[in-house]
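What follows is each chain in one-letter form.
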Amino acid sequence: MVTSLVGGTRDFIEHGTNALVAEQPEDWYTHIKLLLNEIPLRAQLAQAGRKLIEERYCLEAQGSIFAEHIRSAVSGS
């Protein structure tokens, strides 16, 4: 993935770990070309991105947090 650090992406994107960050317009071309040519890098970024989502954002990770918010809202606390 190639992205810019805007909005919420700052909370979970790590350049070189789960994405490539384009800070300048020419970075988009450089990073996309790199991903086209480096299959192992594509795989590593994809695996790290999936792991992050599974650990932080999937139903299993967020379900109990969501349920607690609902309980809190219903009880008025």
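Quick look at the structure, then. (Residues numbered from 1 in each chain as written. Predicted model: local features only at pLDDT ≥ 70, side-chain atom pairs only at ≥ 80, totals over all residues. Heavy atoms only, no water.)

1. A few points about the side chain of His31
Point 1. For His31, the location among the structural elements is in helix 1 (residues 25-37).
Point 2. What makes His31 buried here is its relative accessible area of 11%.
Point 3. Within the local environment of His31, its side chain forms a polar contact with the backbone oxygen of Val21, the two atoms lying 2.9 Å apart.
Point 4. When residues no more than four places from it in sequence are discounted, the contact partners of His31 are Val2, His15, Leu20, Val21 and Ala22. (Helix = DSSP H or I, 4+ residues; strand = E, 2+ residues; numbered from the N terminus. Buried < 20%, exposed > 50% of the residue type's maximum accessible area, 1.4 Å probe, protein only. Polar contact = N/O pair within 3.5 Å; in protein donor to acceptor, adjacent residues only side chain to side chain. Contact = heavy atoms within 4.5 Å.)

2. Considering a nonpolar patch on the surface
Point 1. Residues Trp28, Ile32 and Leu36 make up a contiguous nonpolar surface patch of about 300 Å² in total accessible area.
Point 2. Here Trp28 lies in helix 1. (Patch = residues over 30% accessible without salt bridge, like charges linked within 9 Å, V, L, I, M, F, W, Y side chains within 5 Å. Areas by Shrake-Rupley, 256 points an atom, 1.4 Å probe, with all protein chains shown as cover. Salt bridge = Lys/Arg side-chain N within 4 Å of Asp/Glu carboxyl O.)

3. Concerning the nonpolar core
Point 1. Counting residues in each nonpolar core, the largest one holds five residues, listed as Val2, Leu20, Ala22, Leu35 and Leu45.
Point 2. Setting aside chain neighbours within four positions, we find Leu20 in contact with Met1, Val2, Thr3, His15, His31, Leu34, Leu35, Leu41 and Leu45. (Core = buried A, V, L, I, M, F, W, Y, C linked by side-chain atoms within 4.5 Å.)

4. Remarks on the packing of aromatic side chains
Point 1. Inspection of the entire model under this criterion finds one aromatic pair.
Point 2. An angle of 70° between the planes, with centres 6.1 Å apart, marks the rings of Phe12 and Tyr57 as edge-to-face. In this pair, Phe12 sits in the loop between strand 1 (2-3) and strand 2 (20-21) while Tyr57 sits in the loop between helix 2 (39-56) and helix 3 (59-75), placing the two residues 45 residues apart along the sequence. (Phe/Tyr/Trp six-rings, centres within 6.5 Å; stacked < 30°, edge-to-face > 60°.)

5. Here's the deal with the environment of Pro40
Point 1. Assignment of secondary structure puts Pro40 in helix 2.
Point 2. Relative accessible area serves as the criterion here: at 61%, Pro40 is assigned to the exposed category.
Point 3. Separated by 18 residues in sequence, Pro40 and Ala22 have C-alpha atoms that sit 20 Å apart.

By themselves, these are just geometric observations and shouldn't be taken as functional.
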